[in-house]
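# A structural walkthrough
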Amino acid sequence: GNSVTQMEGPVTLSEEAFLTINCTYTATGYPSLFWYVQYPGEGLQLLLKATKADDKGSNKGFEATYRKETTSFHLEKGSVQVSDSAVYFCALEEVYDMRFGAGTRLTVKP
Amino acid sequence: DVKVTQSSRYLVKRTGEKVFLECVQDMDHENMFWYRQDPGLGLRLIYFSYDVKMKEKGDIPEGYSVSREKKERFSLILESASTNQTSMYLCASTGGSGNTIYFGEGSWLTVV
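Throughout what follows, the structure given in this document is the object of discussion.

Thresholds applied
Residues numbered from 1 in each chain as written. Chains lettered and ligands numbered in written order. Predicted model: local features only at pLDDT ≥ 70, side-chain atom pairs only at ≥ 80, totals over all residues. Heavy atoms only, no water. Helix = DSSP H or I, 4+ residues; strand = E, 2+ residues; numbered from the N terminus. Rg over C-alpha atoms; globule rule 2.2 N^0.38 Å. Buried < 20%, exposed > 50% of the residue type's maximum accessible area, 1.4 Å probe, protein only. Areas by Shrake-Rupley, 256 points an atom, 1.4 Å probe, with all protein chains shown as cover. Lys, Arg positive; Asp, Glu negative; His and termini not counted. Charge placed at Lys NZ, Arg CZ, Asp CG, Glu CD. Polar contact = N/O pair within 3.5 Å; in protein donor to acceptor, adjacent residues only side chain to side chain. Contact = heavy atoms within 4.5 Å. Buried area = accessible area lost by both parts, 1.4 Å probe. Salt bridge = Lys/Arg side-chain N within 4 Å of Asp/Glu carboxyl O.

Helix and strand counts for chain A come out as zero helices and twelve strands. Reading the secondary structure of chain A in the N-to-C direction produces β-β-β-β-β-β-β-β-β-β-β-β. In terms of C-alpha radius of gyration, chain A reaches 13 Å, essentially the compact-globule figure of 13 Å for 110 residues. Each of the three principal axes of chain A carries a C-alpha extent, and together these read 40 × 25 × 20 Å. By the burial criterion, 45% of the 110 residues in chain A qualify as buried. When the accessible area of chain A is evaluated, it comes to approximately 5200 Å², of which 47% is carbon and sulfur surface. Side chains of chain A carry 10 positive and 13 negative charges; the gap between the two charge centres is 1 Å.

The next subject is the side chain of Glu94 of chain A. All names here are of chain A. In this structure, Glu94 sits in strand S10 (residues 86-94). There is a polar contact of 2.8 Å between the side chain of Glu94 and the side chain of Asn2. A distance of 2.9 Å separates a polar side-chain atom of Glu94 from the backbone nitrogen of Gly29. Those residues within four positions of Glu94 in sequence are excluded, and the remaining contacts are Asn2, Ala27, Thr28, Gly29, Tyr30 and Pro31.

What follows deals with the interface of chain B and chain A. Chain B puts 21 residues into the contact, and the matching count from chain A is 20 residues. Note on chain B versus chain A: buried area summed over both sides is about 1600 Å², and carbon and sulfur give 54% of it. The interface formed by chain B and chain A contains one salt bridge. Put simply, Arg99 of chain A and Asp59 of chain B hold a salt bridge, and the shortest N to O gap is 2.7 Å.

Let us look at unusual backbone geometry. Residue and element names in this part refer to chain A. In this structure, Pro10 follows Gly9 across a cis peptide bond, with omega equal to -5°. Along the chain, Pro10 falls in the loop between strand S1 (3-6) and strand S2 (11-14). Even without being a glycine, Glu16 presents a positive backbone phi close to 80°. Its place among the elements puts Glu16 in the loop between S2 and strand S3 (19-21). The exposure class of Glu16 is exposed, given its relative accessible area of 60%. Despite not being glycine, Thr71 shows a phi value in the positive range, around 45°. Within the secondary structure layout, Thr71 lies in the loop between strand S8 (62-65) and strand S9 (75-77). The exposure class of Thr71 is partly exposed, given its relative accessible area of 31%.

Have a look at this one:
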């Protein structure tokens, strides 16, 4: 069945550091891929998505590229801010079957 | 603006009680979902519904049931709450495959 594996946290970085959170997936077909972010005390909100191979999703300085050959969708940001502190979830969706990774908690220190 | 509203943010219930968690969306979405979120386990799908009065079991349906009498409303029911159902419950909806899934703010349930 479909599944998502993402880098375990927690991750702690200093402000302006480079961020990578790894995500790999297993799917039977051609899923859409997502990154969701959860700020403290809130539900999840979409950060970015990609619906086919080689697509790059981007938002708020975050980027991720859909790599079919390596079944990956790694999240990157060149310079993190304190306000980026949150839990990040990688997810895939294929015909209403939506799977989430376990989440990676990011803490950015000033 | 898109809105998924969960009626209760924080609940404390006793073991054996019947618990209702309500979710309403205002986007005319066909598909609605209930997840539970636990530390280290991510989000696990309990039930989903792709139309009024239709429901499908997710990965962990045991101990739960759902109701979808109207398109905008999807209710999660714990028939007899147990302490291992203490968790954060998230409702979500989407308009179709490949579309963004929108989440409510979550309901924190504690069963004592």
